[in-house]
Amino acid sequence: MVNIYRDQDADLSLIRGRRVAVIGYGSQGHAHALSLRDSGVEVLVGLPEGARSRAVAAAENFQVRTPAEASAWADVVMVLAPDDVQPALVAESILPELGPGQALAFAHGSAIRLGAVGALVDIDVILIAPLESGEVVRRRFVTGAGTRALIAVERDSTGGAFKLALSYARAIGATREGAMRGTVDAETDIDLFGEQALLAGGVAALLRSSLEILTEAGYAPEAAYAECENELKQIVELICRGDASRMPVPRARRAIDARVRADLRALLTEILTRATSSQQERRRPAHLRLVSSAETSQWGG
């Protein structure tokens, strides 16, 4: 059974007593930086020279430094650059600046899973992964609500890594809704599977196939799209409200048959195999390519 932690379980003073560098200022970066600051945390933003989002962060009254400078200044470094950028960024600009007692944090486990944090044993490595986009995280924080998150500890060098992760989660509003404790491996696998099988896979493919069948039958593409899109939106709203039991499932089983389930199981096996291979060989798989710092000059999140 998963443990769920609320505001009363998290000591906000722990993160308030740390200096936090948010590396990246895109969707999650801006949400974390703004919400941390609103929670009384000292925050600095780390971005490469020439990054477009430097002006955006400065306009929000944040001090902006290079990732290396921000990491040297901070007690906690939250890496919120794009997944493809993270391994090279961590290896070249962050890890060399970290020392005993500092903490390295992520909002997605892929870089940790693929060995990006190296063999340093004197820092904490933690995961605070909101289960919504940065825009939603920030909007709900501002309104007094929260966004669920998964928290995990990959390395506990200080003995206080979990309490620190929980404190950070509270500072971005996660414990208002509930922070779930899990593992880095589980978060990475579930996230990749959800993206590839559902978000960027199954839903899009099913919507596209439905539109093709309707238009081939002579229905106007605009009308078919409007109807299918509206139905999909209603279903998602039901799920978000916890009303999934009201969905008309029986006929849908024709689309999600045994063959589709077998394909989904095969996809999960592929994800697990790639992750295991990458951990063993410290090699990036094709869908998560390693890029050099020279290619990161314009990223913001």
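First, a word on what this report is: a plain description of the structure on this page.

Scoring rules and cut-offs
- Residues numbered from 1 in each chain as written.
- Predicted model: local features only at pLDDT ≥ 70, side-chain atom pairs only at ≥ 80, totals over all residues.
- Heavy atoms only, no water.
- Helix = DSSP H or I, 4+ residues; strand = E, 2+ residues; numbered from the N terminus.
- Buried < 20%, exposed > 50% of the residue type's maximum accessible area, 1.4 Å probe, protein only.
- Contact = heavy atoms within 4.5 Å.
- Phe/Tyr/Trp six-rings, centres within 6.5 Å; stacked < 30°, edge-to-face > 60°.
- Lys NZ or Arg CZ within 6 Å of the ring centre and 35° of its normal.
- Core = buried A, V, L, I, M, F, W, Y, C linked by side-chain atoms within 4.5 Å.
- Polar contact = N/O pair within 3.5 Å; in protein donor to acceptor, adjacent residues only side chain to side chain.
- Pairing = 2+ DSSP bridges.
- Salt bridge = Lys/Arg side-chain N within 4 Å of Asp/Glu carboxyl O.

With that settled, consider the environment of Ile128. With respect to the helices and strands, Ile128 occurs in strand 7 (residues 124–130). A relative accessible area of 0% places Ile128 in the buried class. Along the sequence, Ile128 and Ala107 sit 21 residues apart, while their C-alpha atoms lie 5.0 Å from each other. Among residues more than four places away in sequence, those in contact with Ile128 are His32, Met78, Ala105, Phe106, Ala107, Leu150, Ile151, Ala165, Tyr168, Ala169 and Ile172.

Turning to the packing of aromatic side chains, a few remarks are in order. Given two aromatic rings, their pairing is described by the distance between the two centres and the angle made by the two planes. Throughout the structure, instances matching the rule amount to two aromatic pairs. Summarising the aromatic geometry, the rings of Tyr5 and Phe162 are spaced 5.2 Å apart at their centres and angled 65 degrees between planes, so their arrangement reads as edge-to-face. Taken together, the positions of Tyr5 in strand 1 (residues 4–5) and Phe162 in helix 8 (residues 161–171) put the pair 157 residues apart, joining distant regions of the chain. Given a relative accessible area of 15%, Phe162 falls into the buried group. With a centroid separation of 5.9 Å and 65 degrees between ring planes, the pair formed by Tyr25 and Phe62 is classed as edge-to-face. Of the two residues, Tyr25 is situated in the loop between strand 2 (19–23) and helix 2 (27–38) and Phe62 in the loop between helix 3 (53–59) and strand 4 (64–65); the sequence distance between them amounts to 37 residues. Pair check on accessibility: Tyr25 and Phe62 agree, each one buried. Geometry around Phe62 places Arg37 over its ring, the cationic atom sitting 4.0 Å from the centre.

Of all nine residues in helix 5 (residues 86–94), seven are buried, a share of seventy percent or more. Among the residues making up helix 5, those that are buried are Gln86, Pro87, Ala88, Leu89, Val90, Ser93 and Ile94.

Grouped together as the largest cluster of nonpolar side chains are 39 residues, with contacts concentrated most on Ile15, Val20, Tyr25, Leu36, Val45, Ile128 and Tyr168. The element that contributes the greatest number of residues to this core is helix 8, accounting for eight residues.

Let us look at the side chain of His32. Tracing the backbone through its elements, the reader meets His32 in helix 2. At a separation of 2.8 Å, a polar atom in the side chain of His32 contacts the side chain of Tyr168. Ignoring any residue separated from it by four or fewer positions in sequence, one finds His32 in contact with Met78, Leu80, Ile128, Pro130, Tyr168 and Ile172.

In spatial order, the strands read 1-9-8-7-6-5-2-3-4; together these nine strands make up an open sheet with mixed pairing. The strands lining the two open edges of the sheet, one partner per strand, are strand 1 and strand 4. With six bridges joining them, strand 7 and strand 8 (residues 149–155) adopt antiparallel strand pairing. Paired with Ala129 across the strands is Leu150, a residue of strand 8.

One side chain can pair with another of opposite charge once the charged atoms of both are near each other. Scanning the entire structure with this criterion turns up three salt bridges. Between Arg138 and Asp38 there is a salt bridge, with its nearest N and O atoms 2.8 Å apart. Of the two residues, Arg138 sits in helix 7 (residues 134–142) while Asp38 sits in helix 2, which places them 100 residues apart along the sequence. Accessibility expressed as a relative area gives 15% for Arg138, which makes it buried. You can call Asp38 partly exposed: its relative accessible area is 47%.

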